[in-house]
Amino acid sequence: MKHYSAFAVAREALRYHTGWERAWRSPEPKKRYDVIIIGAGGHGLATAYYLGKNYGIQNVAVIEKGWLGGGNTGRNTTIIRSNYLQDPSAAIYEKARGLYEDLSQDLNYNIMFSPRGVIMLAQTQHEIRGYQRTAHANALQGVKTEWIGPERVKELVPIINLDGPRYPVLGGLWQERGGTARHDAVAWGYARACSAMGMDIIQQCEVTGVRSQDGRVVGVDTTKGAIDCDKLGIVVAGHSGQLAEMAGFRLPLEAVALQALVSEPIKPCMDVVVMANTVHGYMSQSDKGEMVIGGGTDGFNNFTQRGSFHHIEETVRALVETFPMISRLKMLRQWGGIVDMTGDRSPILSKTPLGGCFINCGWGTGGFKAIPGSGWGMAQLMATGHSPLTEAFSLDRFKEGRFIDESVAAGVAH
Amino acid sequence: MSTRLAKQGRLIDRSKKVTFTFNGTSMQGYEGDTLASALLANDQMMVGRSFKYHRPRGVVASGAEEPNALVGLGQGNRFEPNQRATTTELFNGLTAISQNHWPSLEHDIGAVNTAFARFLPAGFYYKTFIHPKPFWKHVYEPFIRQSAGLGKAPDKDSRDADTYEHFYAFTDVLVIGGGVAGLQAAKAAAASGAKVLLIEQSAYWGGRAPVDGGTVNDEPVDKFVEQLVSELETMDNVSMRSRCMGAGVYDHGYVLGYERLTDHTPGVQGPRHRLWRIRAKQIVTATGAIERPLSFAGNDVPGVMLASAMRDYAVNWGVNPGERVIVATNNDDAYRTAITLKQAGVDVLRIVDARATAGPLAEEARQLGIRVDPGKAIAKVKGGKRVKKVAICNQEGVGGAREEVEADAVAMSGGWSPVVHMWSHCGGKLTWDDANAFFRPDPSRPPLGANGEGFVLAAGASNGALVLGDVLTDAHAVGKAAAKAAGFKPKNIKAPVGETTAEAPMEAVWLMPANAEIQLRMKSWLDFQNDVKVSDVQLAAREGYESVEHTKRYTTLGMATDQGKLSNINGLAILADALESEIPKVGTTTFRPPYTPISMGAIGGEARGEVFQPIRQTPMHNWHDRNGADWEPVGHWRRTYAYVRPGESVHDAVNREVKNTRDNLGLLDASTLGKLIVKGPDAGKFLDIMYTNMMSTLIVGKCRYGLMCSENGFLIDDGVVARIDKDTWLCHTTTGGAERIHGHMEEWLQTEWWDWKVYVANVTEQYAQVAVVGPNARKVLEKLNAQAGGGMDLSKEALPFMEWRDGKIGEFDARAYRISFSGELSYEIAVPASQGQAFWDALFEAGQEFGVMPYGTECLHILRAEKGFIMIGDETDGTVIPQDLGLHWALSKKKEDYLGKRAHSRSHMADPERWKLVGLETVDGSVLPDGAYAVGEGVNANGQRNMIGRVTSTYFSANLGKGIAMGLIKHGPDRMGEIVEFPGTDGKTYKAKIVDPIFFDKDGEKQNV
Ligand SMILES: Cc1cc2nc3c(=O)[nH]c(=O)nc-3n(C[C@H](O)[C@H](O)[C@H](O)COP(=O)(O)OP(=O)(O)OC[C@H]3O[C@@H](n4cnc5c(N)ncnc54)[C@H](O)[C@@H]3O)c2cc1C
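Residues numbered from 1 in each chain as written. Chains lettered and ligands numbered in written order. Predicted model: local features only at pLDDT ≥ 70, side-chain atom pairs only at ≥ 80, totals over all residues.

Student: Whenever I open this one, the overall build of chain A confuses me. Can you help?
Tutor: Tallying secondary structure elements over chain A gives eleven helices and 18 strands in all. Over its C-alpha trace chain A gives a radius of gyration of 21 Å, about what one expects of a compact globule, namely 22 Å for 414 residues. Considered along the principal axes of its C-alpha atoms, chain A spans approximately 65 × 65 × 40 Å. For chain A, the residues scored as buried account for 65% of the 414 residues in total. Across chain A, contacts joining residues at least 24 apart in sequence account for 75% of those joining residues at least 6 apart. (Helix = DSSP H or I, 4+ residues; strand = E, 2+ residues; numbered from the N terminus. Rg over C-alpha atoms; globule rule 2.2 N^0.38 Å. Buried ≥ 20, exposed ≤ 12 C-beta atoms within 10 Å, placed from the backbone. Contact = placed C-beta atoms within 7 Å.)

Structure below.
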């Protein structure tokens, strides 16, 4: 793998950049791998990466039906924070956030982690109490957050309207080291590093069946033929239900559309990420200058990556109320992704009823921020059979009633 | 130099001068001008700077596809960045500023990026800025961010001076696009009697045809358009909206229309934009086609323009974009531009045609004295801020042996691409047309409606028909087809006959010259705004970003404000070539709404400020407001947190209310509490499932406190249920829960027990409800009765605790519930909403002698906490089960089933380690912080401090003179008297004793009088 640096770019410039090599190879599948990961989204790629990096398991294939990073990883609004309420969530999201801090250096690929700070606004008494609770919990979980008053909110977000007639801003929960990153770069950076370790990323290859013998997985059927493996990781977000069916089990998941939109680019006017859960909307400004906006999920289950316009309306209306100056900006593009939602809105990282087969899914509306931590824990689980990071997120919790409900702290969990 | 032609300009009125400013310089145009045409008429070739390299940018197109001519428009509360000059109608007093430069458009520091362009290829930022790490946060990112963005942000405190509105429309056939195809399709559809809505984004009907010329039924096409428009205008079943763009097509025939009402007349009364939410049975997209640029070095220099745009400027606005023009093309259509300009007196130096042979138009051009150079290409355009010279070479080859010609404008045409956006938004598929080198709608794979049939049809140029005759034939047929698909019988009216000029086939030319060397490719722009060049796409392919989505994201091709209207197909072709693949195999990126950007204001609509979300008001709302209410939003309601008297703090007010209600008499507006009527022969059975308690056995006239769990066993709501008659129950819910619980009941009724005979109605707003609370509660009510000379018997015997009665209280029709959420003697009295204020006034007046005071939600909370009553949302949070709260008694053991019963048998629910409800008292009487956690020894496997409980609600109790709290603590009820520690976020550690959660009147003597 050629090292990336400003010097390398300068050197290549002299050759008109004709000397760059591929960021990742495009191999044909081998007959057999130690581990197959299905799904080259952020979570699948990160799992593969840490399998190689932390456990030396490098005979790995990541199989992707489309193009790597083309699922939700490439369509999300990239908010990164770890100010979750419940212990298991705070642990895995904070692990992820911590890994994000050094990820560019680790991968030698600039993923543009931008710890610009995240504010979650409190606009009702109820929210104040909720966020104060989160702040207390976070302090004990080792997550640095702070309850701030309205004046501080205004200082951090000059364009905010504190005293909207409907829901005045009463304060907020502030995580200074939360922020954003470049979503594509996260997928590309992991892919490049995996490929450099000798792993095969096989794109345009759909898994169509899971093969097993005596209750253990032995391989997969794909549109490029059958491939054997010892262990299998299913990391396919919205399509988890289908894959689980192939593997012979069912999942407590629903698939719904979640939408986002961007404005046309404008000069920097908002340095932090703001989430307003009472009115259902959140906004940040990308490094390109676009206001990146997201809101709630569609009310009905579906697989279209579109969603209904009513939700866009609700979200935009809420944000025009919160940031009146955006009224004369224009929406440039809207899109949707299929998110996989569990009953308790927390992910599943777990062994499955099929031996050797593991699943990582259920990240729903908020899994981008978790990618490095999830990959780290999942790799540990797949390599050693146990990970404190993933333990609470096992499938068993639905049988036992041991839910990890985050909706307590925030209606939407991006 | 670009100037105004002496004649021409079908859209401008030369008798009406219009004054405007650009970057502070005053300029003149005519009514009918666009900002772009007026700028060109004033020789303003350079109008902005590109995104990455800050290259000079000029107008390149004449419509919605324009990527370069973006300006900041207006001032103050009407300032709007990134407005396209080509679609901005000129008006007197318009002020525009150019974008993305510092200190000025002419002299821009950022333009040094051009010098470094070689070091800043596609995706360079992924490879750099990595070390040293702290530099990213402190140097690199701030730098990148500072250079980000195009237009200036509106002022931070600016408030849009304009208003917006939403309209709804239902139609049989919607035609998007008012060119000849749209007009004809509308007519053909409307002839069947179908209701037709026709929308056009510009201010004019007829689209390109009047510029391109030709005849229909042997008359000039503009005549035909005129007749057609007036014909449509007289038809009752046809509505027409100009300045109304089709913005997006969504599932089930839902379409967004974006009408710009006063953009061209700012300040005029009325909304600025109108968002149309249209439901159409069939949609016809007649959205035309967009010309493609050619990729040659220097194709981004101001003065290089689409050939069709140059023709538009001449014909529509009488503007001549240059004095010495070179036309570069791969098709016949650009010859029309050459001919038009020549006829207008412009010096057309030559036509550089990449093809070996051209059609009959070439002959016409030659006859006009224009030199035609077949097989030639532009090697490079020279010039910085405007075109100076053009180097011409052979199309085959790498670009050697150049001949340089002095020129000041270049018209380019790389062929046309149908506008397929609206077809594609909702899943319509495309097919590659090799002859014309474009994607067009594949009629066999349209977007599908709920019935599995297509609901979008494409017509005219947007369907791939480029010649006038074909356009009309196609549009006519499509209009009829749409009517038929919408359920109407199309009439056999005659299709108009358009002229069909013979044209030689175009030839796909994706690069000029065909094998251009790298130095030229690095200067051949694909995306003018985002500065993506041919070499960038080739680099992406080389580095393995092979999917078209990867290439787009890696290079930012097509991600600018024009969303690749000019660049996408050219970029695709370069990518396909680099991958040694074919264009249709590489495929397009996804077309997403909106077609062009639409204002956030329009999306938000009328719902701003006070009416952003409806504020629900109880009948007594205004009284509260007049009497010092400190408001608190609860759901869509506003409730009074406390009634603050002059000179009092909110905290003082709460304490006063708390004491007074216990000592004398308090009134609470409880109207917001949810009231659901559940009625029907199966209502009892149904409520037995909904509630954990038994409701079917409740005796008429009695009340029961009920709990509701989710199917996962978690407590979701509580409230008092009253049985009204044999088939009728009235269920109180929490204020925030009314709609949710109503929905919850409906969901179960509709999906699970749809055969049960039960109706649920939400009657929350039909009643005003007042809690009359305190030792004097009965006295005040009896006084009202005495004053009116009768009324219901409110004595302990006649109306015992947990019963209800209908009757008169004073003058009022009332339903009195003898229930208490405070532990005091208490009646909750419902009267018809219309009598609420009068009832409240009467109580208030009669209560004077008994020390009456209104109290708010905080007092309510404290009173209930003193009594250890739980509050949904405080003691519960979606993870708490009734057993945690010591509410086992409310879980019926007799019932076979209820929602949550099965869940309660899961192992974790019976886990003795679950945190349980207790009371908490700080050792020093202070108030525990809200949401604090109790800690145990050590840390868990993830290094987090072990927690053993938390505070669920905490208050200062004025009655007890100390802080009291409720909390959930591990083994709590077994640890009475023990001290636990709560670290606060303020750095202090709070010590609190575990106590019984009932702090006040443990035996409930006060309420049973
Ligand atoms: C609009 C939107 C906004 C969001 N905003 C945020 C945010 O601000 N912050 C945040 O933290 N999270 C956010 N999220 C959530 C986040 O995007 C996801 O949780 C996360 O990206 C999931 O990553 P993944 O790797 O699990 O899934 P994906 O990226 O979807 O990857 C799954 C991959 O599996 C592949 N696949 C599926 N089936 C098969 C098969 N049979 N064979 C082979 N491959 C298959 C898919 O093609 C896909 O590439 C948002 C999501 C959306 C949609």
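Student: Please clarify how the site of the ligand should be interpreted in this entry.
Tutor: Residues and elements named next belong to chain A. Within the structure, the ligand sits among 40 residues, and Gly 39, Gly 41, Gly 71, Gly 337 and Gly 367 are positioned closest to it. Mapped onto the shell around the ligand, the elements with two or more residues apiece are α2 (42-55), β12 (253-263) and β16 (330-342). Of the residues belonging to the shell around the ligand, the class tally is 14 nonpolar, 21 polar and five charged. (Near = placed C-beta within 6 Å. Nonpolar A, V, L, I, M, F, W, Y, C, P; charged D, E, K, R; others polar.)

Student: Looking at this structure, I do not really get the sheet that holds strand β15 (residues 291-301) of chain A. What am I missing?
Tutor: Sheet strands line up and pair through hydrogen bonds in the backbone, either parallel or antiparallel. Overall, mixed pairing links the nine strands, which are arranged β5(A)-β6(A)-β4(A)-β13(A)-β14(A)-β15(A)-β12(A)-β16(A)-β33(B) in an open sheet. Each of the sheet's edge strands pairs with one partner strand only, and the pair in question is β5 (146-148) of chain A together with β33 (598-599) of chain B. Across four bridges, strand β4 (residues 118-122) of chain A lies against strand β13 (residues 273-276) of chain A in parallel orientation. Residue Leu121(A) lies in a different strand from β13(A), and its bridge partner there is Ala276(A). (Pairing = 2+ DSSP bridges.)

Student: Sorry, what's going on with the interface of chain B and chain A here?
Tutor: Often the size quoted for an interface is simply the accessible area lost on bringing the parts together. Contact residues are listed per partner, giving 93 residues for chain B and 88 residues for chain A. Looking at the side of chain B that touches chain A, the element that brings in the most residues is helix α4 (residues 133-147) of chain B, giving seven residues. Tallied by class, the residues present in the side of chain B that touches chain A amount to 38 nonpolar, 30 polar and 25 charged. Bridge count for β16(A) against β33(B) is two bridges, and the pairing is antiparallel. Within β33(B), the position partnered with Met331(A) by the bridge is Ile598(B).

Student: Honestly, helix α7 (residues 183-196) of chain A in this entry has me stumped. Any pointers?
Tutor: It helps to recall that an α-helix has 3.6 residues per turn; residues three or four apart then point in one direction. All names here are of chain A. Compared with the 20 Å implied by 1.5 Å per residue over 14 residues, the 20 Å span of α7 between its first and last C-alpha is a close match. Along α7, 13 of the 14 residues are buried, which leaves the element largely enclosed by surrounding structure. One or two steps after α7, the chain reaches Gly 198, where phi turns positive at roughly 95°. (Expected span 1.5 Å × (residues − 1).)

Student: What am I meant to see in helix α14 (residues 534-542) of chain B here?
Tutor: Residues and elements named next belong to chain B. With eight of nine residues buried, α14 lies mostly within the body of the structure. As for α14, its buried residues are in contact with α13 (518-521), β31 (525-527), β32 (532-533), α15 (548-555) and α16 (568-578). Two residues or fewer after α14 comes Gly 544, characterised by a positive phi angle close to 95°.

Student: Even after reading the chapter, I still don't get the confidence of the model for chain A, so can you show me in this structure?
Tutor: A low pLDDT means the predicted coordinates there should not be read in detail. Taken residue by residue, chain A gives an average pLDDT of 95. The fraction at 70 or more is 98%. This stretch, residues 410-414 of chain A, has a pLDDT under 50; its non-local contacts, to residues over four places away or in other chains, come to 19 contacts. (pLDDT = per-residue confidence, 0-100.)

Student: Sorry if this is basic, but what is going on with the environment of Glu503(B) here?
Tutor: Residues and elements named next belong to chain B. Inspection of the secondary structure assignment puts Glu 503 in the loop between α12 (468-485) and α13. Considered as a pair, Glu 503 and Pro 360 are 143 residues apart in the sequence and their alpha carbons are 6.8 Å apart. Beyond its immediate stretch of four places on either side in the chain, Glu 503 contacts Asp 332, Gly 359 and Val 467.

Student: I'm lost on the environment of Phe999(B) in this one. Help?
Tutor: Residues and elements named next belong to chain B. With respect to the element layout, Phe 999 can be found in the segment after β52 (989-995). The spatial distance from the C-alpha of Phe 999 to the C-alpha of Ile 964 is 7.9 Å, given a sequence separation of 35 residues. Setting aside its immediate chain neighbours within four residues, Phe 999 contacts Glu 866, Gly 868, Gly 919, Ser 957, Leu 960 and Ile 964.

Student: What is the right way to read the sheet that holds strand β24 (residues 389-394) of chain B from this model?
Tutor: Residues and elements named next belong to chain B. Across the sheet, which stays open at both edges, the three strands sit in the order β23-β24-β25 with antiparallel pairing between neighbours. Sheet topology places β23 (376-382) and β25 (403-406) at the edges, where each strand pairs with a single neighbour. Neighbour to neighbour, the strand axes of the sheet diverge by 30° on average, direction disregarded. Summarising the sheet, β24 and β25 pair through four bridges and their orientation is antiparallel. Looking at β25, one finds that Val 390 is bridged to Val 405. (Axes fitted to C-alpha atoms, helices over the stretch in contact; angles between N-to-C directions.)

Student: Explain the pairing of strand β39 (residues 715-725) of chain B to me, please; I cannot follow it from the model alone.
Tutor: Along a regular strand, successive side chains alternate from one face of the sheet to the other. Residue and element names in this part refer to chain B. Taking burial as the measure, the eleven residues of β39 include nine buried ones, the bulk of the element. Looking at chain direction, strand β38 (residues 703-709) and β39 are connected through seven bridges and run antiparallel. Paired with Leu 707 across the two strands is Asp 718, which belongs to β39. Hairpin connection of β38 to β39: five residues between the antiparallel strands, including Gly 713 at a positive phi of 90°. Pairing analysis gives four bridges linking β39 to strand β40 (residues 728-733), with the strands arranged antiparallel. Its bridge partner lying in β40, Ala 722 is registered against Leu 730. Between β39 and β40, which pair antiparallel and follow one another directly, the connecting turn spans two residues.

Student: I keep staring at the domain arrangement of chain B and nothing clicks. Help me out?
Tutor: Taken domain by domain, chain B consists of domain 1 (3-112), domain 2 (164-289 + 418-485), domain 3 (621-671 + 769-864), domain 4 (674-765) and domain 5 (912-1007). Domain 1 of chain B and domain 2 of chain B are separated by 29 Å when their C-alpha centres are compared. (Domains from an automatic or database assignment.)

Student: Honestly, the packing of α2(A) against α7(A) in this entry has me stumped. Any pointers?
Tutor: Residue and element names in this part refer to chain A. Viewed as axis vectors pointing N to C, α2 and α7 meet at an angle of 35°, and their least axial separation amounts to 9 Å. Note that α2 runs across α7; the crossing there is left-handed. Contacts between α2 and α7 involve Gly 42, Leu 45, Ala 46, Ala 48, Tyr 49 and Gly 52 from the first element and Val 186, Ala 187, Tyr 190, Ala 191, Ala 193 and Cys 194 from the second. Residue composition of the contact of α2 with α7, grouped by class: ten nonpolar, two polar and no charged. (Left-handed = near helix turned anticlockwise from the far one by under 90°.)

Student: Whenever I open this one, the pairing of strand β42 (residues 767-773) of chain B confuses me. Can you help?
Tutor: Residues and elements named next belong to chain B. Most of β42 sits inside the fold, with seven of its seven residues counted as buried. Neither face of β42 is exposed, since Tyr 767, Gln 769, Ala 771 and Val 773 on one face and Ala 768, Val 770 and Val 772 on the opposite face are all buried. By the bridge criterion, four bridges tie strand β36 (residues 665-669) to β42 in an arrangement that is antiparallel. Bridged to Asp 669 within β42 is Val 770.

Student: What am I meant to see in unusual backbone geometry here?
Tutor: A negative phi angle is the norm for most residues apart from glycine, just as the trans form is the norm for most peptide bonds. All names here are of chain B. With an omega dihedral of 5°, the bond running from Trp 102 to Pro 103 counts as a cis peptide bond. Note on placement: Pro 103 falls in the loop between β8 (94-97) and α2 (112-115). In this structure, the amide linkage connecting Met 512 to the following residue, Pro 513, adopts the cis form with an omega of -15°. Structurally, Pro 513 can be placed in the loop between α12 and α13. Its identity is not glycine, yet Asn 23 carries a phi of approximately 50°, on the positive side.

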